[in-house]
Amino acid sequence: MRTQTPFLAFFLAMGLSPSWAAEGHQPVCGADALGTSRTLSVGPRGGLEVGLKTYPQTLPLRDHEVALTFDDGPNAKTTPMVLDALSHECVKATFFLIGRHAQDLPKLVQREIADGHAVGHHTFSHPAITLRRMSTAAAEADIDQGFRADDLAAYGAAGAGPRVPFFRFPGFADTPEVDRWLASRNIAVFGADLWASDWQMMTPATELALVMGRLQKTKGGIVLFHDTKSSTARMMPAFLRALKANGYRIVALVPGDGTAQTRAAPAGWSSETDRIINQVFHAEDAKAHRPGDSDAPAARHAATAPDTLPKRETPP
Ligand SMILES: [Zn+2]
C-alpha cells in the first residue's frame, strides 16, 4: 500500500491492527490509553445465555477482563458523553438499544457503529411491566419491533432477524418461552456479572467507588451501565482511567457463528435477578389488591423502573 505512513507500516509489520487504521476517524491512542485488549467472538448458534446475575454461566473472560455494556439508549444528551469517553481511551463496548430511542436518534446509533461498538437490542418499548408479565406473543412482537427499529436506524434496512444477534431483557425478566424462541433464532441473551446500580440517584464519585469496589470482588466480568444516566456519563472518563490504573483490560464482544464458549458459575449459584423480580412482583401484587388504591399496577411498575431492579439496593 503506497499511501502507508511509516507509523502505520510499522504496526502492520508487527501484525498489529490499530483501531484508527481500520476506522480512519478514530483518535490515535497513545500507550497510556486503556485501549481494547482483545475481541471475544460470541457465537450464539443454538442460543446462549450469559451473565451470573441471572444465568448459571457467563462469558469466558479471564481474570481482570471487563466487557462494558450500556442499556436503554441512545439519549441525545448523555450518549455522546459516553461515546466521547470511550473514543478517547480507544475502548469498544456493547450498546443494548431501546428501539423507539434508536428510531428517534438514528445518527447516534450510526456513530456507535462507526466508533466500532456492537449494537445489541433491548426491545422496542421497554415495557414497564416487563416482558415476563406480557403474553409470549406480545413479548416476541415487541422484541421483533425493536430489532427492526434498531437495524433501520443503524443500517437503513432491516432483515428477518437482527444483524447483531445480541439481546438483553428489560429488568432481566426473561421467560422460558421467550428464551427458547430467541435460542431457536440463534440470538444470544445477555445478563450481567455486575452492575453500577445507576438507576439510583448518586453522584459520579459515588458510582465510581461503587463499581470499582464491585469489580474488585468479581475481578472483572460483564458490567451493566445505562448510557441514559447522567452519573454514568459524567463518571465514564474517570472510570476508564481507574480501570487502567488497576490493571483491568477491555474485551470487545462481536457476534460469532460457532458454538458458544461459556464459564460455569461457582457451586451454590442462584439467580439474584429472579429473587429481586419476585420480590418486586410480590410487593406490586400486594399493593394492587389493597382496597381504595386506584393506581394501575403498570403505573406502579413504572415508578419502580428503570429496569425494575433493586430500588432498595443500597451501595455497600
Ligand atoms: Zn433497560
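Note that the structure is predicted; figures quoted are calculated from it, not measured.

A. The arrangement of the pairing of strand 5 (residues 94-97) in detail. Here strand 5 shows a buried face lined by Thr94 and Phe96 and a second buried face lined by Phe95 and Leu97. Judged from the 3 bridges that link them, strand 4 (residues 65-71) and strand 5 form a sheet pairing that is parallel. Bridge pairing in strand 5 places Asp71 opposite Phe96. On the question of chirality, the crossover connecting strand 4 to the parallel strand 5 by way of helix 3 (residues 78-88) is right-handed. One ladder, built from 4 bridges, connects strand 5 with strand 6 (residues 118-121); its direction is parallel. Across the sheet, Leu97 pairs through a bridge with His121, a residue of strand 6.

B. Examining helix 5 (residues 106-114) more closely. Of the positions making up helix 5, those classed as buried are Leu108, Val109 and Glu112. Take helix 5 and look down its axis: the buried residues cluster within an arc of 105°, on one side only. At the exit of helix 5 stands Gly116, carrying a positive phi of roughly 95°.

C. Structural view of the nonpolar core. Within the largest apolar cluster, 34 residues are counted, with the highest numbers of intra-cluster contacts made by Leu68, Phe225 and Phe239. Looking at this core, the elements that each hand over two or more residues are strand 4, helix 3, strand 5, helix 5, helix 6 (136-155), helix 8 (204-218), strand 10 (221-226) and helix 9 (230-245). Filtering out sequence-adjacent residues up to four positions away, Phe225 remains in contact with Leu68, Thr69, Phe70, Asp71, Ala196, Asp198, Glu207, Val211, Thr232, Met235, Met236 and Phe239. Leu40, Val42, Leu59 and Phe190 belong to the second-largest nonpolar core, a separate cluster that totals 16 residues.

D. Examining the state of the cysteines more closely. Under the criterion given, the structure shown has 1 disulfide. Across the disulfide, Cys29 is cross-linked to Cys90 (sulfur-sulfur distance 1.9 Å). Looking along the S-S bond of the Cys29-Cys90 disulfide, the torsion reads about 90°, which is the right-handed sense. Of this pair, Cys29 sits in the loop between helix 2 (19-23) and strand 1 (38-42) while Cys90 sits in the loop between helix 3 and strand 5, placing them 61 residues apart in sequence. The class for Cys29 is partly exposed, based on a relative accessible area of 22%.

E. View of the pairing of strand 10. Counting buried residues along strand 10, 6 of its 6 residues qualify, which places the element largely inside the surrounding structure. Pairing of strand 4 with strand 10 involves 6 bridges; the strand directions are parallel. Bridge assignment links Val66 to a residue of strand 10, and that residue is Gly221. Inspection of the sheet shows strand 9 (residues 194-195) paired to strand 10 by 2 bridges, in the parallel sense. By the bridge assignment, Trp195 is partnered in strand 10 with Leu224. The β-α-β motif built from strand 9, the intervening helix 8 and the parallel element strand 10 has right-handed crossover chirality.

What counts and how
Residues numbered from 1 in each chain as written. Predicted model: local features only at pLDDT ≥ 70, side-chain atom pairs only at ≥ 80, totals over all residues. Heavy atoms only, no water. Buried < 20%, exposed > 50% of the residue type's maximum accessible area, 1.4 Å probe, protein only. Helix = DSSP H or I, 4+ residues; strand = E, 2+ residues; numbered from the N terminus. Pairing = 2+ DSSP bridges. Right-handed = clockwise from strand over helix to strand, strands pointing away. Arc of directions from axis to C-beta. Core = buried A, V, L, I, M, F, W, Y, C linked by side-chain atoms within 4.5 Å. Contact = heavy atoms within 4.5 Å. Disulfide = S-S within 2.5 Å.

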